[in-house]
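Observations on the three-dimensional arrangement
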Amino acid sequence: MSSSTYDIIVAGGGTAGCVLAGRLAAADPTLSILVVEAGPTTQDDPQHTQPARYLYHLRPETTTMKFNVGKESAALGGRAPVVPCGQCLGGGSSVNFAMYTRASASDYDDWATVYGNKGWSSKDLLPLLRKCETYQIAPDKPTHGYSGPLKVSYGGYYPEVGQDFLNMAAQYDKTRGLTDDVNNLFECNKYGRWQKWIDMKTGTRSDVPHNYIYSQSSNRNLCILPSHLVKRVIFEGDVAAGVEYVPNARFHPNAKSEVFTARARQLGCCSSAVLSKLGVEQVVDLPGVGQNYQDHQLFLPPYIAAETMHTLDGIIEDNESQIDEWMKEWKLNGTGLLATNGLESGIKLRPNRHDLDTIGDVFRKRWLEYYAPAPDKPVLWIATLSSLTGDRTGASGSKYYSVGWYLQYPSSIGYVHATSANNVNAPVDFHPGYLDAPEDMALHKWGYKRTREYARRLASYRGELAARHPAFGSSGEMAAGRRSGPVSVLDPDLQYSPEDDEALEEYIRQNVATAWHSLGTCAMKKREDGGVVDPRLNVYGMRCLKVADLSICPGNVASNTYSTAVLIGEKAAVIVAQDLGIALAD
């Protein structure tokens, strides 16, 4: 067993891990830092740097994602959900939709007050939210930053669907209004353009590796070890002294079964019930490990777009002529379809009184206890997407768009646990929990009905891709299928019969999916409440071991979670720098 020694070991080169390593390396280049990442590197790979290419990473043959299969669920009609997660340097930042959404201020305030984490309120964290970004859209916005490594813009192209959506919404829903910043932290329930993690000057994805890690390639003390899996943390008493790691067979199929060791000069824990089943000696009993799993439960129902519309479908289908056409513009100016993610406009939506009556009594208690006291908390995220996602069998060659939604704070909670003491490739014991809470079904029904009304009023609307919508019937205005054009903005909403609602519920059970926003399984809260780490990210009962990724979130956030992962990495860098007596740049 070969061994090496470092000052700091980062087990997992995801978004937060790379931010942490990058900030510490920049602050003190003499620190020896090892980042062990399960997947490959991404440097200058157009499948990562070109924003429009992100759906490539959800193909079955991808090498940058790991597909985790959950248990068969009665709430899903016996279906076993699949939850992909990034498996490459930078994690989700390198493969996500590059959509810029930030949590509500009250989410972070809850972390501080409800869960008892001093230093994690929105007031405490706002300087770090500013620090990480350069906001290229408008100057002098008080909640945004202007000198950080990650660029934020509207991207290099504005597809027609996004423009039409805002024009339609201004007429269809005059009660909510428009905003020039749907991510200002302190308000929601207004329509606007979605910002993007895209550099407007180059048209490239603003991911973490290219902006925190690769930019320090001359620092030989910053060691990146891709395509290796951490097997276990080495403990000496209650001190985390290092890690054992092995080559990832996915990328090293012919590697010998040698185990490598890295020791740390500076710097798992699990439930006793789980560990005893695996034959693992327990170091500290933390029953909360693997519990509190949360996600955002996404739908992207596809609509047929007019052929005159610009969508990402040709790029997604690897249409060489279209890619060549847009490649020239992207290389020359950083603009064009390759410089956008197609997610253009939308709203963080809260229901009004009429909407609450539509959703029904099953949601009323949750609304009164959780949402009503916090007016910045939305119930649904809604956005346009200028492409078809998922299986394209029988659908290629046409143009599509979605008006999608996800639940911002699902009531359903799941879990994830290890199943082997030695096999790093063993499948996990995983139950995402989708639809376990009945109020989540009620919100999804409202989400479908609401977004369908938006979609059929857009100028580009030419009907639904019927196979990807509920089976409402074969004819009539409720039936999904091709149409000649949109209805009038002022037309009445569709009316759903009890039979229609049954068809919709079956559709939801069979199609609800991950938003790729997994969090919460090593929650930062009091140990007696199932917490795993304290406010300084220390694992309870251990020394020299911290957790710094989305698993520490004690509660959900109204956000595509990239923003929160970056924030956690920035906060972790501040904490570790304080522990080591290192001064970080402001």
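Quick caveat, the model's predicted, so the values are computed rather than measured. (Residues numbered from 1 in each chain as written. Predicted model: local features only at pLDDT ≥ 70, side-chain atom pairs only at ≥ 80, totals over all residues. Heavy atoms only, no water.)

1. Some words on the overall build of the chain
To keep things clear, this is the line we draw: Helix numbering and strand numbering both begin at the N terminus, where a helix is a DSSP run of H or I of at least 4 residues and a strand a DSSP run of E of at least 2. When we talk radius of gyration, it's over C-alpha atoms, and the globule rule is simply 2.2 Å times the number of residues to the 0.38. Each residue is placed in one exposure class: buried if its accessible area under a 1.4 Å probe, protein chains only, is under 20% of its type's maximum, exposed if it is over 50%, and partly exposed if it falls in between. All accessible-area figures derive from a Shrake-Rupley calculation using a 1.4 Å probe, and residue coverage is judged against the displayed protein chains alone. In this charge count, Lys and Arg are treated as positive and Asp and Glu as negative; neither His nor the chain ends contribute. A single reference atom marks each charge: NZ on Lys, CZ on Arg, CG on Asp, CD on Glu.
Along its length, the chain carries 15 helices and 20 strands. Relative to the 2.2 N^0.38 estimate, which gives 25 Å for 586 residues, the radius of gyration of the chain is 24 Å and therefore close to what a compact globule would have. Overall size of the chain, expressed as C-alpha extent along the three principal axes, is 70 × 55 × 50 Å. Out of the 586 residues belonging to the chain, those deemed buried represent 60%. Carbon and sulfur atoms make up 50% of the accessible area of the chain, which amounts to about 23,100 Å² in all. Looking at the chain, you have 57 positive and 65 negative side-chain charges, and the mean spots of the two groups are 3 Å apart.

2. Details of the environment of Ser 4
Selection criterion: Residue contacts are defined here by distance: any two heavy atoms, one from each residue, within 4.5 Å place the two residues in contact.
Position of Ser 4 relative to the elements: it lies in strand β1 (residues 3-6). Judged by its relative accessible area of 23%, Ser 4 is partly exposed. As a C-alpha pair, Ser 4 and Leu 185 span 181 residues in sequence and 44 Å in three-dimensional space. Setting aside residues up to four positions removed in sequence, Ser 4 forms contacts with Thr 261, Ala 262 and Arg 263.

3. Re empty space enclosed by the protein
Where we set the bar: Using a 1 Å grid laid over the protein atoms alone, points where a 1.4 Å probe fits but cannot get out form a cavity; open sets with protein on both sides within 12 Å along at least 5 of 7 lines form a pocket; any residue with an atom within 4 Å of a point counts as lining. Grid points are joined across faces, edges and corners, and a volume is the space filled by probe spheres set on the points. Three classes are used: nonpolar for Ala, Val, Leu, Ile, Met, Phe, Trp, Tyr, Cys and Pro, charged for Asp, Glu, Lys and Arg, and polar for all others, with Gly counted as polar.
When its volume is computed, the largest cavity comes out at roughly 50 Å³. Along the walls of the largest cavity sit Thr 179, Asp 181, Val 182, Glu 187, Cys 188, Lys 190 and Lys 348, which together make up its complete lining. Counted by class, the lining of the largest cavity contains two nonpolar, one polar and four charged residues. Roughly 40 Å³ of volume is contained in the second largest cavity. The wall of the second largest cavity is formed by Arg 102, Ala 103, Ser 104, Val 182, Asn 183, Asn 184, Leu 185, Phe 186, Glu 187, Cys 188, Lys 348 and Asp 376.

4. What to know about the sheet that holds strand β12 (residues 260-264)
Quick note on the threshold: Paired strands, as defined in this entry, are two strands with at least two bridges between them according to DSSP. Inter-axis angles, ranging from 0 to 180 degrees, are taken between N-to-C directions of lines fitted to C-alpha atoms, where helices are fitted over the stretch in contact.
Here four strands make up an open sheet; going across it, the order is β1-β12-β11-β10 and the pairing mixed. Each of the sheet's edge strands pairs with one partner strand only, and the pair in question is β1 and β10 (228-236). Each strand of the sheet is rotated relative to its neighbour by a mean of 25°, with strand direction disregarded. With four bridges connecting them, β1 and β12 associate as parallel partners. In the sheet register, Ser 4 faces β12, and the bridge partner there is Ala 262.

5. Some points on the confidence of the model for the chain
Convention followed: pLDDT gives the predictor's per-residue confidence on a scale running from 0 to 100.
Taken as a whole, the chain shows an average pLDDT of 94; of its residues, 97% reach a score of 70 or greater. Note that residues 267-278 has pLDDT below 50 and, in this model, 31 contacts with residues that lie over four places away or in other chains.

6. Some details on the packing of aromatic side chains
The geometry of an aromatic ring pair is captured by the separation of the ring centres together with the interplanar angle, meaning the angle of the planes. Threshold: Aromatic pairs are defined between Phe, Tyr and Trp rings, using the six-membered ring for Trp, whenever the two ring centres lie within 6.5 Å; interplanar angles under 30 degrees are classed as stacked, those over 60 as edge-to-face, and all others as tilted.
Under the counting rule described, the total for this entry stands at 30 aromatic pairs. Here the aromatic rings of Tyr 108 and Trp 111 are separated by 5.1 Å at their centres, their planes lie at 85°, and the arrangement is edge-to-face. Taken together, the residues span about one helical turn, with Tyr 108 and Trp 111 both in helix α4 (residues 105-113) at a distance of three residues. Per residue, the accessibility class of Tyr 108 equals that of Trp 111, and both read buried.

7. Quick word on the packing of helix α1 (residues 15-27) against helix α15 (residues 562-580)
What counts here: Put simply, a crossing is left-handed when the front helix is turned counterclockwise from the back one by less than a right angle, and right-handed when it is turned clockwise.
Packing of α1 against α15 brings their axes to within 8 Å, and their N-to-C directions diverge by 35°. The crossing of α1 and α15 is right-handed. Between α1 and α15, the residues in contact are Thr 15, Ala 16, Val 19, Leu 20, Arg 23 and Leu 24 and Tyr 562, Ala 565, Val 566, Ile 568, Gly 569, Glu 570, Ala 572, Ala 573, Val 576 and Ala 577, respectively. Residue composition of the contact of α1 with α15, by class: twelve nonpolar, two polar and two charged.

8. As for the pairing of strand β17 (residues 400-407)
The buried fraction of β17 amounts to eight of the eight residues, a majority that puts the element mostly inside the structure. Residue alternation in β17 divides its side chains into two sets, Tyr 400, Ser 402, Gly 404 and Tyr 406 and Tyr 401, Val 403, Trp 405 and Leu 407, and both sets are buried. As defined by bridge partners, strand β13 (residues 298-299) adjoins β17 across two bridges and the pair is classed as antiparallel. Residue pairing across strands places Phe 299 opposite Trp 405, the latter belonging to β17. Two elements, strand β14 (residues 302-305) and β17, share three bridges in a ladder whose sense is antiparallel. Among the inter-strand pairings, Ile 304 is bridged to a residue of β17, identified as Tyr 400. The pairing of strand β16 (residues 380-385) with β17 spans six bridges and is antiparallel. What sits directly across from Thr 384, in β17, is Val 403.

9. Focus: unusual backbone geometry
For residues besides glycine, phi is generally negative; the peptide bonds are generally trans as well. Residues other than glycine seldom take positive phi values, yet Ala 98 does so here, at roughly 60°. Assignment of secondary structure puts Ala 98 in the loop between α3 (92-95) and α4. Residue classification places Ala 98 among the buried residues on the basis of a relative accessible area of 0%. Backbone geometry places Asp 318, a non-glycine residue, at a positive phi of 60°. On the secondary structure map, Asp 318 appears in the loop between α9 (313-316) and α10 (320-333).

10. Topic: the layout of surface pockets
The calculated volume of the second largest pocket comes to roughly 900 Å³. Looking at the lining of the second largest pocket, the elements that each hand over two or more residues are β5 (82-86), β13 and α14 (498-511). Of all the elements, α14 adds the most residues to the lining of the second largest pocket, at three residues. For the lining of the second largest pocket, a count of residues per class yields 21 nonpolar, five polar and five charged.

11. Here we look at α4
Judged by how many residues are buried, α4 sits mostly within the fold: seven of nine residues are covered. Along α4, the positions that sit buried rather than exposed are Ala 105, Ser 106, Asp 107, Tyr 108, Asp 110, Trp 111 and Ala 112. Elements in contact with the buried residues of α4: α5 (122-131), α12 (364-371) and α15.

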